[in-house]
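# Analysis of the macromolecular model
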There are 2 protein chains.
Amino acid sequence: MESIQKKIGIIGGGQLGQMMILEAKKMGFYITILDPTLHCPAHTLVDEHIVADFEDAAAIRLLAQKSDVVTYEFEHINAQVLEELEAEGHVVYPTAHSLAIIQNKLSQKSLLAKHGLAVPEFCPISNEKEMEEAGLSFSYPYMLKSCTGGYDGKGNFLVHSPEEIAEGFAALGGGSLPLMAEKFFPFVMEISVLACRSANGDIAVYPVAQNHHIDSILDETRVPADIRPETTQAAMDLARRVMEVFAGVGMFCVEMFVGPEGEVAVNEVAPRPHNSGHYTIEACVTSQFEQHIRAVSALPLGDPSLLRPAVMRNILGEEGFHGPAQVIGAEKALAIPGVTLHIYGKTDSKPKRKMGHLTATAPTLAEAIERASVAHAAIRIQGTLPLHP
Amino acid sequence: MESIQKKIGIIGGGQLGQMMILEAKKMGFYITILDPTLHCPAHTLVDEHIVADFEDAAAIRLLAQKSDVVTYEFEHINAQVLEELEAEGHVVYPTAHSLAIIQNKLSQKSLLAKHGLAVPEFCPISNEKEMEEAGLSFSYPYMLKSCTGGYDGKGNFLVHSPEEIAEGFAALGGGSLPLMAEKFFPFVMEISVLACRSANGDIAVYPVAQNHHIDSILDETRVPADIRPETTQAAMDLARRVMEVFAGVGMFCVEMFVGPEGEVAVNEVAPRPHNSGHYTIEACVTSQFEQHIRAVSALPLGDPSLLRPAVMRNILGEEGFHGPAQVIGAEKALAIPGVTLHIYGKTDSKPKRKMGHLTATAPTLAEAIERASVAHAAIRIQGTLPLHP
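Sequence order sets the numbering: in each chain, residues are counted from 1 along the sequence as written. Numbering of ligands from 1 and lettering of chains from A proceed in the order in which they are written. Residues qualify for local features only when their pLDDT is at least 70, as the model is predicted, and side-chain atom pairs are given and counted only at 80 or more; totals for whole chains, interfaces and linings, by contrast, use all residues. The side-chain quantities take in all heavy atoms of the structure and omit both hydrogens and water.

### Structural notes on the packing of aromatic side chains
A pair of Phe, Tyr and Trp rings is counted when the ring centres sit within 6.5 Å of each other, with Trp represented by its six-membered ring. The angle between the planes then sorts it: under 30 degrees is stacked, over 60 is edge-to-face, the rest tilted. Applying the stated criterion to the full structure yields 14 aromatic pairs over all chains. For the ring pair Phe138 of chain B and Tyr142 of chain B, a centre distance of 6.3 Å and an interplane angle of 75 degrees mean the geometry is edge-to-face. Only protein chains enter the calculation, and the probe is 1.4 Å; a residue is then buried if its accessible area is under 20% of its type maximum, exposed if over 50%, and partly exposed in between. Tyr142 of chain B gets classed as buried once you look at its relative accessible area, which sits at 0%. Where Phe185 of chain B meets Phe257 of chain B, the ring centres are 5.4 Å apart and the plane angle is 15 degrees; that geometry is what we call stacked. Of this pair, Phe185 of chain B sits in the loop between β8 (179-183) and β9 (189-197) while Phe257 of chain B sits in strand β12 (residues 250-258); the two residues are 72 residues apart in sequence, bridging distant segments of the chain. As far as burial versus exposure is concerned, Phe185 of chain B and Phe257 of chain B are alike and both buried. Criterion for a charge above a ring: Lys NZ or Arg CZ within 6 Å of the ring centre, and within 35 degrees of the ring normal. The ring of Tyr30 of chain A carries the charged tip of Lys7 of chain A above its face, separated from the ring centre by 4.4 Å. Runs of H or I in DSSP of at least four residues are treated as helices and runs of E of at least two as strands, each being numbered from the N terminus.

Pasting the structure below:
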């Protein structure tokens, strides 16, 4: 007998886990999380919380024992134990295999390139000599990347000239950590396309989102992206092909570059709901979080259609302060029509930490941009203690 | 310094409390509930749960001590202790005063009539002789109502002729409980209008919802209602005037009758989010639950506009079964585009118990009706034990 009442285990109780759980609880799922932080954002929303490190194999095994399916809110976790659990008959979505490939940017890009998907040119880097060769092949500047563990721009180094080779190699731990070089893609826009694959292979592709980063951290997402219809179609097709290649079950985010002629190429793939998909909560028929829960619990996918234009703005911890977080200006932000506020409930704020976000929807994208901008200027989340420089 | 991080206390941890909390947690509020049932729907979503009876004055006081504002998910609670708490400086929204008036249907209707708002004719009933007089005045059939404690048709008795007076009077506890008689309103449609008043007096009025009941329990809500524009305007105006009369802070639901000429009259007022407002979660810019949380925490109201047509269907416990609840057919229901499923997580099912609901949205109301109908036919929630007749 089919039943929705599965038990879901989630590795990670940050904001992505929290937003998954808010959707899962709407549908009555039993939730256990694994997160080392007791008072993490998801803590008060779960049935059980295993307080343990993300690399703790015994704790991950315990999570699997308590759950009908294990999923995760971020990709830097112990993939090996997930593979073992799958071999023992546990269900892990997205699968440990697709996670292992994605965790390593070199294997991720290699798989995509092997299937003929558009990616910037790349090569592995083992030493400074290979960096010199990359410079000759790709010209300068090019991107040096750590193959594992990077996020929000961490693990990237833009090599402007041969003089920066030694610095870059050392900065990213060359010699001890695996590195890769990537030809610089002369993008005119960064976009992302969310896509989800169900257990039976159906794929739902979301509208194209236009992203703006500050210091490599996402600042703003606008939907729909300001691109030509044929670029939109190319980006959505590319996202669908990525889902076919990885055969992953669950939400994925495909970050892409758009070139001057409207050509698109994959920048990075994340096997999970993504910051650039938060707009779906208010603006799409089915949010990325509900979609992920549907997929990992073997339910049919929902309609990813956009209801109306939306702009998401991240709220980062205010510069100059740390310590216990306080929200300032929520009244002003929420007075703007169509603005929804998400406060993650992180106990402490620090500069650039993702503390919350807001989404503005409106009948037109121009209005949504304006609403989000006014609301974003009105609100801040900051620690109560000044940071001394 | 303004802050969103208030502590909210909620009396009642059923599905309405649960859906309030899902919105409140999105915004980072600290939540304490009071509910006698440990494994009530809201239990796993809260920071603290006071397990106590709704009439327990000491427990309600404890809830108030733990909270910056106290609210409630249903109206049959101890209003006197709430009045005392207000007198001592605690904030209770909606106010104990408006709750006390609404709890008694006679005082509720009297206040509305005093302000000239359209209500069916009514009078208090203390004995069978007054019922005879009501019959002469209103003609038959007329409605006999318990002034306090009724819901989902409980506490109502339709008096078809003088011969039923003694039965009706006895059935509703006449002599010991306060009763009232109400002229039968020859309605062609039942509608409801949700409205919310903020702490500073702003009022947001939602679209008109068309309701269909089976055995006095809500079965289906369609939005927008199939009525003329001038009837829509009259209904929304009436809801706004109700909010002005009660001066309540928070979500209210005004259930109304529509007569053959499009005239509207208030049937009942509920000082809380309402079953007929569940459609707002998927279909409106601001859901009734987020709106309630905004209002009681003194934040500005959100936009109540409809994004697209919606139909809500309740999922009641399946006839013929009781005991541990199981969900059957969720896969089929969720395969219909635009369908969202809400499972309240009640441990046990019994016939007619509200176990969940589904909402279908679509570009047209006709499609939403069809989608909801197909999904509703596909899903059931039932106990694992057969009920022997």
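### Describing the packing of helix α4 (residues 96-103) of chain A against helix α5 (residues 105-114) of chain A
Residue and element names in this part refer to chain A. Two numbers describe how α4 lies on α5: the axes approach to 5 Å, and their chain directions differ by 105 degrees. On the basis of their axis angle, the class for α4 and α5 is roughly perpendicular. Contacts between α4 and α5 pair Ala100, Ile101, Ile102 and Gln103 from the former with Lys105, Ser107, Gln108 and Leu111 from the latter. Amino acids outside the nonpolar list (Ala, Val, Leu, Ile, Met, Phe, Trp, Tyr, Cys, Pro) and the charged list (Asp, Glu, Lys, Arg) are all regarded as polar, and Gly is one of them. The residue inventory of the contact of α4 with α5, partitioned by class, reads four nonpolar, three polar and one charged. Only the stretch in contact is used when a helix axis is fitted, and all axes are lines through C-alpha atoms; the angle between N-to-C directions ranges over 0 to 180 degrees. Small angles under 35 degrees read as roughly parallel and large ones over 145 as roughly antiparallel, with 65 to 115 read as roughly perpendicular and the rest as oblique. We call two residues contacting when some pair of their heavy atoms lies within 4.5 Å.

### With respect to the packing of helix α2 (residues 57-65) of chain A against helix α3 (residues 79-87) of chain A
Residue and element names in this part refer to chain A. Running from N to C, α2 and α3 point in directions that differ by 40 degrees, and their axes come no closer than 10 Å. Between α2 and α3, the crossing angle belongs to the class labelled oblique. Crossing of α2 over α3 shows right-handed handedness. Contacts between α2 and α3 involve Ala57, Ile60, Arg61 and Ala64 from the first element and Val81, Leu82, Glu84 and Leu85 from the second. By residue class, the composition of the contact of α2 with α3 is six nonpolar, no polar and two charged. Crossing handedness is defined as follows: a turn of the near helix away from the far one that is anticlockwise and smaller than a right angle gives a left-handed crossing, while the clockwise case is right-handed.

### Focus on the sheet that holds strand β10 (residues 203-214) of chain B
All names here are of chain B. One bridge is not enough; two strands pair if DSSP finds at least two bridges between them. Ordered by their spatial adjacency, eight strands build an open sheet running β13-β12-β9-β10-β11-β14-β18-β16, and the pairing between neighbours is antiparallel. A strand with exactly one partner marks an edge of an open sheet, and here the two such strands are β13 (264-270) and β16 (339-343). Ignoring strand direction, the axes of neighbouring strands in this sheet form an average angle of 25 degrees. Where β16 meets strand β18 (residues 354-361), five bridges bridge the pair, whose relative direction is antiparallel. For His342, the partnering residue across the bridge sits in β18 and is His357. Along the sheet face, helix α12 (residues 365-378) touches β11 (217-223), β14 (310-316), β16 and β18 and points at about 15 degrees away from the line of β14.

### Focus on the interface of chain B and chain A
Opposite the 42 residues of chain B that make contact, chain A presents 42 residues. Here the quantity called buried area is the total loss of accessible area, with a 1.4 Å probe, experienced by two parts when brought into contact, counted for both. Summing both sides of the interface, chain B and chain A together bury roughly 3700 Å²; the carbon and sulfur share of this comes to 59%. Here a polar contact is recorded for every N or O atom pair within 3.5 Å, except that within protein the pair must consist of a potential hydrogen donor and a potential acceptor, and residues adjacent in sequence are included only if both atoms are side-chain atoms. Between the two partners, chain B and chain A, sit eight residue pairs in polar contact (both at pLDDT 80 or more). Secondary structure elements with two or more residues in the side of chain B that touches chain A: α1 (15-26), α10 (288-296), β15 (321-328), α11 (330-334) and β16 of chain B. If you tally residues by element for the side of chain B that touches chain A, the top one is β16 of chain B, at five residues. Residues of the side of chain B that touches chain A, tallied by class, amount to 21 nonpolar, eleven polar and ten charged.

### A few points about the pattern of salt bridges
Counted as salt bridges are all cases of a side-chain nitrogen of Lys or Arg within 4 Å of a carboxyl oxygen of Asp or Glu. In this structure the tally under the stated criterion is 38 salt bridges over all chains. Residues Glu290 of chain A and Arg294 of chain A are paired through a salt bridge, measuring 2.9 Å at the closest nitrogen-oxygen approach. A residue pair is termed a helical-turn pair when its members lie 3 or 4 positions apart in one helix, as Glu290 of chain A and Arg294 of chain A do in helix α10 (residues 288-296) at four residues. Judged by its relative accessible area of 1%, Arg294 of chain A falls in the buried class. As a salt-bridge pair, Glu268 of chain B and Lys105 of chain B come within 3.3 Å of each other at their nearest N and O atoms. Remark: Lys105 of chain B occurs in helix α5 (residues 105-114) and Glu268 of chain B occurs in strand β13; sequence separation between them is 163 residues.

### So, unusual backbone geometry
Residue and element names in this part refer to chain A. Of note, the amide linkage connecting Tyr140 to Pro141 takes the cis form, showing an omega dihedral of -10 degrees. Inspection of the secondary structure puts Pro141 in the loop between α6 (128-138) and β6 (142-146). A positive phi angle is found at Ser216, which is not glycine, with a value near 65 degrees. For Lys352, which is not glycine, the phi dihedral falls at a positive 75 degrees.

### Observations concerning helix α8 (residues 229-246) of chain A
Residue and element names in this part refer to chain A. Taking 1.5 Å of rise per residue, the 18 residues of α8 would be expected to cover 26 Å, and the 26 Å separating its terminal C-alpha atoms lies within 8% of that figure. When we look at burial in α8, the residues that qualify are Thr231, Ala235, Leu238, Ala239, Val242, Met243, Val245 and Phe246. For α8, the arc enclosing every buried residue in end-on projection is 165 degrees, short of the 170-degree limit, so these residues lie on one face. Close packing links the buried residues of α8 with α4, α5, β9 (189-197), β10 (203-214), β12 (250-258) and β13 (264-270). Positioned one or two residues after α8, Ala247 has a phi angle of 50 degrees, which is positive. What a helix should span is 1.5 Å times the count of its residues minus one. Read the arc as the range of directions from the helix axis to the C-beta atoms.

### A look at the nonpolar core
Here the nonpolar core consists of buried residues drawn from Ala, Val, Leu, Ile, Met, Phe, Trp, Tyr and Cys, with membership extended through side-chain atoms lying within 4.5 Å. With 123 residues, the main nonpolar core has Ile31 and Tyr279 of chain A together with Ile31 and Tyr279 of chain B as its most contacted residues. Beyond its immediate chain neighbours, meaning those up to four positions away, Tyr279 of chain A contacts Leu194, Tyr206, Pro207, Ala209, Thr221, Val223, Cys284, Leu306, Ala310, Met312 and Thr359 of chain A.

### Quick notes on the state of the cysteines
Each disulfide is one covalent bond, formed between the sulfur atoms of two cysteines. When two cysteine sulfur atoms lie within 2.5 Å, the pair is treated as a disulfide. Here the structure, examined in full by the defined rule, presents zero disulfides over all chains. Take Cys253 of chain A: it sits in no disulfide, and the sulfur closest to it among the cysteines is that of Cys196 of chain A, at 12 Å.

### Overview of the confidence of the model for chain A
On average, residues of chain A score 95 in pLDDT, and 99% of them are at 70 or above. Of the two predicted TM-score estimates for the complex, the pTM is 0.95 and the ipTM is 0.94. Confidence of the predictor at the level of single residues is captured by pLDDT, which takes values from 0 to 100.

### Focus: the sheet that holds strand β4 (residues 69-72) of chain B
Residue and element names in this part refer to chain B. If you trace the four strands from one edge of the open sheet to the other, you get β3-β2-β1-β4, paired in parallel fashion. Of all strands in the sheet, those bounded by a partner on one side alone are β3 (48-50) and β4. Each strand axis lies, on average, 25 degrees off the axis of its neighbour in the sheet, ignoring direction. Lying over the sheet, α1 contacts β1 (7-11), β2 (30-34) and β4, oriented at roughly 165 degrees with respect to β2.

### Section: the relation of the copies chain B and chain A
The copies were overlaid with a least-squares fit restricted to C-alpha atoms from residues scoring a pLDDT of at least 70 in each copy. Expressed as a screw operation, the relation of chain B to chain A combines 0.0 Å of axial shift with a rotation of 180 degrees, fitting to an RMSD of 0.0 Å. Given the turn and translation reported, the copies of this chain are related as if by a two-fold rotation axis. Taking C-alpha positions as reference, the residue of chain B nearest the rotation axis is Leu45 of chain B, located at 2.2 Å. Most of the interface of chain B is mirrored in chain A, where 100% of its interface residues are also at the interface.

### Section: the environment of Val81 of chain A
All names here are of chain A. Its location among the elements puts Val81 in helix α3. For Val81 and Asp56, which are 25 residues apart along the polypeptide, the C-alpha to C-alpha distance reads 9.0 Å. Apart from the residues within four sequence positions on either side, Val81 is in contact with Ala57, Ile60 and Arg61.

### What about the environment of Glu83 of chain B?
One can find Glu83 of chain B in helix α3 (residues 79-87). In sequence terms Glu83 of chain B and Arg313 of chain B are 230 residues apart; their C-alpha atoms lie 36 Å from each other.

### A word on the pairing of β13 of chain A
All names here are of chain A. A large share of β13 lies buried, amounting to seven of its seven residues. In the sheet, β12 pairs with β13 via six bridges, with the strands oriented antiparallel. Within β13, the position partnered with Val258 by the bridge is Val264. Connecting β12 to the antiparallel partner β13 that follows it, the hairpin turn spans five residues, and Gly262 within it adopts a positive phi of roughly 85 degrees.

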